[in-house]
Structure formats: C-alpha cells, structure tokens
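Each chain, written out:
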Amino acid sequence: MKDIASLEDLGQALLTGRIRVVDCTATLGPRTPLLKLPPEIADDTPPIEIHPISKYGDRGPFWAWNWLKVGEHSGTHFDAPHHWITGKDYPDGSTDTIAPQNFVAPANVIDCSAQAAADPDFLLTAEGVKAWEAEHGEIGEGEWVLMRTDWCKRNGDAALYLNADETGPHTPGPSADCIQYLMDKKVLGWGTDAGIAGGMTPPYPAHNLLHANNRYGLASLVNLSELPPKGAILIAAPLKIENGTGSPIRALVLVPA
Ligand code: MN
C-alpha cells in the first residue's frame, strides 16, 4: 500500500506544481539540424518536411492535418540497439520490442557546459564521471546519464550546431573509457557521441558500446540546464515504429520544484 500512497503523492505533486515537467525536446521541423555524415558515406538522413493535407479548406472543411517526412534519427531522438551493428541481434532491440519500463528512469546530469564552451572537442572521461560521482553521489544501475553541454543554445543555427570544418564535426561527447565505465555500471542509456568520435577506438564508442550492451542512446536533448544533477525522472519514449532503429521523442523530465 505504501507504493500506491507514494504514486498518489506523485499525482498531487504534479497537480499542485510541486513537481514540474521540463521539456527537454527541440522543436521538430524543416529547420532541425541533421547530422552530416562524411562524404565517403552516401546516405544522410533527408531534411524534415511537413506537408499540409488540408487546413479548414475545400479538401477538409472542418479540420487541419499534416503528413510528415522525417528520418528516425532526427532532432531530439532515441537510438535503439538495432541502430548499430553491435546491437543488431537483440530480440528486444527495436523501438517496438523494448520493454516500456525502460523508457522511464532516474536521470544523472553531468554539467560539462563550461568545458564545452572552452573546447568544442571536449571529451568527458571515466575519471571525469568518477569525480562527478564523488561530489553528487554514485550513478546507479538502470539510470540515464546525460552530459549537459548547453549545445542547444546553438539550435537556431545549423552550421553553428553541427560545427563542422574540413576535418569533420566538432562537438563535445564522451571518451570510449567513459562509456565503458558506464556500461560496467549497467546504466540505462547516455546522450550521443562526440563530433570526432568516428576516429576513436572503437569508432563512435557511445553508439558501439551502448548498443552492444542492449542499452539506449539519446540525441539532441535541450534545456538540461534546468535539471538538477540528481533527483529528476526522465521519460524518453520512442514511437512504436515497427522494427524501428530509433525515433524522435518528446523528452519529458519530472523535476522537484
Ligand atoms: Mn540517432
């Protein structure tokens, strides 16, 4: 009965604003910055398109609705294990087969915004995570781990957001040993790779190691500056796309007011 009482408390806390819902989602539309792959890899995800079907006009007098053209890995989105070759054989590794319990979990938010501002290629290491844990408490099994970079401040400018030059994109992220450390702790998931991750060992260590361990990736979360280091609950549920490798999400975080 104690559990039911605490869930009632949660309901009341939501209704009275003692728990706030923070939207960590970027607006999804034609201006959403999309990852550019190296030129030797042919297939980029196409730009998002929003096409009106009708808008209170001749073709539908009372209603408005659109159809969308959108890649699974667009904007604020979820990476399922089948996104990567290392996770391709998990029977519960696509958006329609992952247990829904795995979409809701406590969030650890590691603030790297100062480092990212000073160095766009900043990498968070296992040592950096351990230092954060020494200050804020240990990261537990089954929890989300988010790296706050405040990169979302660049959202309005795709070139600034992707920050690419002739050597490729320059965006902050984790080192391979950082992700391996988190996998050893059996965390639920992590934000995405650094811009220079293609040259690491293994290439794209967050994608490689997360999905090898049947864990999940999150990309392009925003507003992490509004979250406490610990104590928030992240709800990150992909659309239930058949055999989906990922999906845009509405990333909602419950935060004590
Ligand atoms: Mn992705």
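None of these values were measured; they are calculated from a predicted model.

Participant: What is the right way to look at the coordination of the manganese ion in this model?
Facilitator: For a metal with four tetrahedral donors the ideal donor-metal-donor angle is 109.5 degrees, whereas six octahedral donors ideally subtend 90 or 180 degrees. The coordination sphere of the manganese ion contains the protein donors His73 (ND1), His77 (NE2) and Asp79 (OD), at a distance range of 2.1 to 2.3 Å. A relative accessible area of 8% places His77 in the buried class.

Participant: I'm lost on a nonpolar patch on the surface in this one. Help?
Facilitator: On the surface, Ile53, Phe62, Trp63, Trp65 and Trp67 cluster together to form a nonpolar patch covering roughly 600 Å² of accessible area. Locating Trp63 in the fold gives a position in the loop between strand 2 (49-55) and strand 3 (64-69). Residue Trp63 is classed as partly exposed on the basis of its relative accessible area of 39%.

Participant: I would appreciate a short explanation of the sheet that holds strand 14 (residues 246-248) in the present structure.
Facilitator: Strands pair in a sheet through their backbones, by hydrogen bonds, and they do so in one of two ways: parallel or antiparallel. The 9 strands are arranged 1-15-13-5-7-11-12-4-14 in an open sheet whose pairing can be described as mixed. Only two strands of the sheet have a single neighbouring strand rather than two, namely strand 1 (19-23) and strand 14. Across 2 bridges, the pairing between strand 11 (residues 189-190) and strand 12 (residues 216-219) is parallel. Note that in strand 12 the partner of Trp190 across the bridge is Gly217. Where helix 6 (residues 205-212) meets the sheet, it contacts strand 4 (77-79), strand 11 and strand 12, and its direction lies at approximately 145° from that of strand 12.

Participant: I'm lost on the pattern of salt bridges in this one. Help?
Facilitator: In the structure shown here, the tally under the stated rule is 11 salt bridges. Of the charged contacts in the structure, one is a salt bridge between Glu226 and Arg20, with a shortest N-O distance of 3.6 Å. In this pair, Glu226 sits in the loop between strand 12 and strand 13 (232-235) while Arg20 sits in strand 1, placing the two residues 206 residues apart along the sequence. One salt bridge in this structure joins Glu127 and Lys130, with 3.5 Å as the shortest N-O distance. Note that Glu127 and Lys130 are positioned in helix 3 (residues 126-136) at a spacing of 3 residues, about one turn of the helix. On the basis of relative accessible area, Lys130 is assigned to the partly exposed category, the value being 35%. Salt bridges here are not isolated pairs; linked through shared partners, they connect Asp111, Arg148, Asp150 and Lys153.

Participant: Help me understand the packing of helix 5 (residues 176-184) against helix 6, please; the structure alone is not making it clear to me.
Facilitator: Angle between the axes and distance between the axes are the two parameters that describe a pair of packed helices. Axis separation between helix 5 and helix 6 bottoms out at 9 Å; the angle between their running directions is 20°. With respect to each other, helix 5 and helix 6 are oriented roughly parallel. Here helix 5 and helix 6 pass one another in a crossing that is right-handed. Note on element contacts: helix 6 touches helix 5 through Pro205, Ala206, Leu209 and Leu210, opposite Ala176, Ile179, Gln180 and Met183. Partitioning the contact of helix 5 with helix 6 into residue classes produces 7 nonpolar, 1 polar and no charged.

Participant: I'm lost on the packing of helix 3 against helix 5 in this one. Help?
Facilitator: Helix 5 packs onto helix 3 with a crossing angle of 50° between their chain directions and a minimal axis gap of 7 Å. Taken as axis vectors, helix 3 and helix 5 run oblique relative to one another. Taking contact as the criterion, the partners of Ala126, Val129, Lys130 and Glu133 in helix 3 are, on helix 5, Asp177, Cys178, Tyr181 and Leu182. When grouped by side-chain class, the residues that make up the contact of helix 3 with helix 5 number 5 nonpolar, no polar and 3 charged.

Participant: Explanation requested: the packing of aromatic side chains in the structure shown.
Facilitator: When we look at a pair of aromatic rings, we describe it by the centre distance and by the angle of the planes. With the rule as written, the count across this model stands at 5 aromatic pairs. Where Trp63 meets Trp65, the ring centres are 6.5 Å apart and the plane angle is 80°; that geometry is what we call edge-to-face. For Trp65, a relative accessible area of 49% gives the class partly exposed. Three or more aromatic residues joined by ring pairs make a cluster, and in this case those are Phe62, Trp63 and Trp65.

Participant: Is there a simple way to explain helix 5 in this structure?
Facilitator: Quick reminder: α-helices carry 3.6 residues per turn. Residues three or four places apart thus point the same way. Among the residues of helix 5, those classed as buried are Ala176, Cys178, Ile179, Tyr181, Leu182 and Met183. Looking at the packing, one finds that the buried side of helix 5 touches strand 6 (123-124), helix 3, strand 7 (144-148), strand 10 (173-174), strand 11 and helix 6. Looking at the residues trailing helix 5, positive phi occurs at Lys186, about 60°.

Criteria and thresholds
- Residues numbered from 1 in each chain as written.
- Predicted model: local features only at pLDDT ≥ 70, side-chain atom pairs only at ≥ 80, totals over all residues.
- Heavy atoms only, no water.
- Donors = N, O, S within 2.8 Å, 3.2 Å for Na, K, Ca; no water.
- Buried < 20%, exposed > 50% of the residue type's maximum accessible area, 1.4 Å probe, protein only.
- Patch = residues over 30% accessible without salt bridge, like charges linked within 9 Å, V, L, I, M, F, W, Y side chains within 5 Å.
- Areas by Shrake-Rupley, 256 points an atom, 1.4 Å probe, with all protein chains shown as cover.
- Salt bridge = Lys/Arg side-chain N within 4 Å of Asp/Glu carboxyl O.
- Helix = DSSP H or I, 4+ residues; strand = E, 2+ residues; numbered from the N terminus.
- Pairing = 2+ DSSP bridges.
- Contact = heavy atoms within 4.5 Å.
- Axes fitted to C-alpha atoms, helices over the stretch in contact; angles between N-to-C directions.
- Parallel < 35°, antiparallel > 145°, perpendicular 65-115°, else oblique.
- Left-handed = near helix turned anticlockwise from the far one by under 90°.
- Nonpolar A, V, L, I, M, F, W, Y, C, P; charged D, E, K, R; others polar.
- Phe/Tyr/Trp six-rings, centres within 6.5 Å; stacked < 30°, edge-to-face > 60°.

Function cannot be inferred from these measures alone, as they are strictly geometric.
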